[in-house]
Amino acid sequence: AIVNITVLDDGQEAVLKYNDDPEVGWILRKTKKKKRDGSRVNMATDFYPWMREHLKKPTITYWDFAVQMGTLCAFGVDINALYVQIGGIAARVLQGEDIRTIKAEYPQKATIALNRKTATNLGIVFSLEVLGLANVIYDDYEGKQVIRK
């Protein structure tokens with residue numbers, strides 16, 4: 001199910017709706033930063049604890065932090081490596097290279113993050129092959145038990 005929501009409350013309603021739907025294997029959603037009453041959502045205290053308690057389906061994101069907080073997995077660009085890459089291009093421009101001669105570049109490094117605690121709660125077991133591909137593996141929601149490669 002792809003959930004297109006305007007406020008956090010709608011996303012929570014969708015999760016509860018699709019949790020028991022046998023036709024839905026994954027719930028893909030974008031998290032909104034506001035509630036229906038207009039107040040801001042504190043992701044660490046409002047959103048992720050609710051998701052960990054209620055979500056029965058795997059979910060995926062592109063942010064490492066979200067995986068630490070309880071999302072099953074993430075596949076995305078390594079932001080720190082991207083900043084280094086962009087800094088290298090900026091340095092070339094500052095050293096006098098004509099910007100028109102610099103070709104666009106794809107991000108050079110991707111990150112795969114997994115949360116084994118979430119996987120266990122959902123009844124999912126990551127294979128050794130999948131664990132071997134991961135750059136970051138979380139075993140908790142506080143970031144205290146983490147393996148970084």
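About the cut-offs
- Residues numbered from 1 in each chain as written.
- Predicted model: local features only at pLDDT ≥ 70, side-chain atom pairs only at ≥ 80, totals over all residues.
- Heavy atoms only, no water.
- Helix = DSSP H or I, 4+ residues; strand = E, 2+ residues; numbered from the N terminus.
- Polar contact = N/O pair within 3.5 Å; in protein donor to acceptor, adjacent residues only side chain to side chain.
- Core = buried A, V, L, I, M, F, W, Y, C linked by side-chain atoms within 4.5 Å.
- Buried < 20%, exposed > 50% of the residue type's maximum accessible area, 1.4 Å probe, protein only.
- Contact = heavy atoms within 4.5 Å.
- Pairing = 2+ DSSP bridges.
- Right-handed = clockwise from strand over helix to strand, strands pointing away.
- Phe/Tyr/Trp six-rings, centres within 6.5 Å; stacked < 30°, edge-to-face > 60°.
- Expected span 1.5 Å × (residues − 1).

Engineer: How should the side chain of K57 be read in this particular structure?
Structural biologist: Relative to the helices and strands, K57 resides in the loop between α2 (43–54) and β3 (60–61). In this structure the side chain of K57 is engaged in a polar contact, spanning 2.9 Å, whose partner is the backbone oxygen of D21. Among the polar contacts listed, one links the side chain of K57 to the backbone oxygen of V24, at a separation of 2.4 Å.

Engineer: Looking at this structure, how should I read the nonpolar core?
Structural biologist: Note that soluble globular proteins tend to have their nonpolar side chains buried in a common cluster. Formed by 13 residues in total, the largest nonpolar core has its most connected members in V15, V41, M43, F47, Y48, M51 and L55. Elements supplying a minimum of two residues to this core: α1 (8–18), α2 and α3 (64–69). Looking at this core element by element, the count peaks at five residues for α2. In contact with Y48, other than residues within four places in its own chain, are M43, F65, A66, M69 and T71. By size, the runner-up hydrophobic cluster in this structure holds eight residues, among which are L72, L114, A119 and L131.

Engineer: How should the pairing of strand β4 (residues 73–77) be read in this particular structure?
Structural biologist: Regular strands have side chains that alternate between both faces of the sheet. Where β3 meets β4, two bridges bridge the pair, whose relative direction is parallel. Bridge pairing links I60 to C73 in β4. The handedness of the β3 to β4 crossover, carried by α3, is right-handed. Of the strand pairs in this sheet, β4 and strand β5 (residues 110–115) are connected by five bridges, and their pairing is antiparallel. Paired with F75 across the bridge in β5 is I112.

Engineer: Teacher, can you tell me more about the packing of aromatic side chains here?
Structural biologist: What characterises a pair of aromatic rings is the spacing of the ring centres plus the angle enclosed by the ring planes. Scanning the model with the defined rule gives three aromatic pairs in all. Taken together, a centroid distance of 6.1 Å and an interplanar angle of 85° make the contact between Y48 and F65 edge-to-face. Residue Y48 is found in helix α2, and its partner F65 is found in helix α3; the two are separated by 17 residues along the sequence. Under the relative-accessibility criterion, F65 is labelled partly exposed at 45%. With a centroid separation of 5.2 Å and 55° between ring planes, the pair formed by Y62 and W63 is classed as tilted.

Engineer: Just to check I follow, could you spell out the pairing of β5 for this structure?
Structural biologist: One ladder, built from three bridges, connects β5 with strand β6 (residues 136–138); its direction is parallel. Looking across to β6, one finds that N115 is bridged to Y138.

Engineer: Looking at this structure, how should I read the sheet that holds β6?
Structural biologist: Two pairing modes exist for strands in a sheet, parallel and antiparallel, and in both the strands are linked by backbone hydrogen bonds. Spatial strand order, β3-β4-β5-β6-β7: five strands in an open sheet with mixed pairing. Two strands bound the open sheet, and with one partner strand each, they are β3 and β7 (146–148).

Engineer: Sorry, what's going on with helix α4 (residues 79–94) here?
Structural biologist: For an α-helix, 3.6 residues make a turn, and residues three or four places apart therefore share a direction. Taking 1.5 Å of rise per residue, 16 residues should cover 22 Å, and α4 covers 22 Å from first to last C-alpha, within 8% of that figure. You can read the cap of α4 off the contacts: a side-chain oxygen lies 3.1 Å from the backbone nitrogen of N80, and it is on D78. Within two residues after α4, G96 carries a phi angle of roughly 105°, on the positive side.

In short, shape yes, function no, at least from these values alone.
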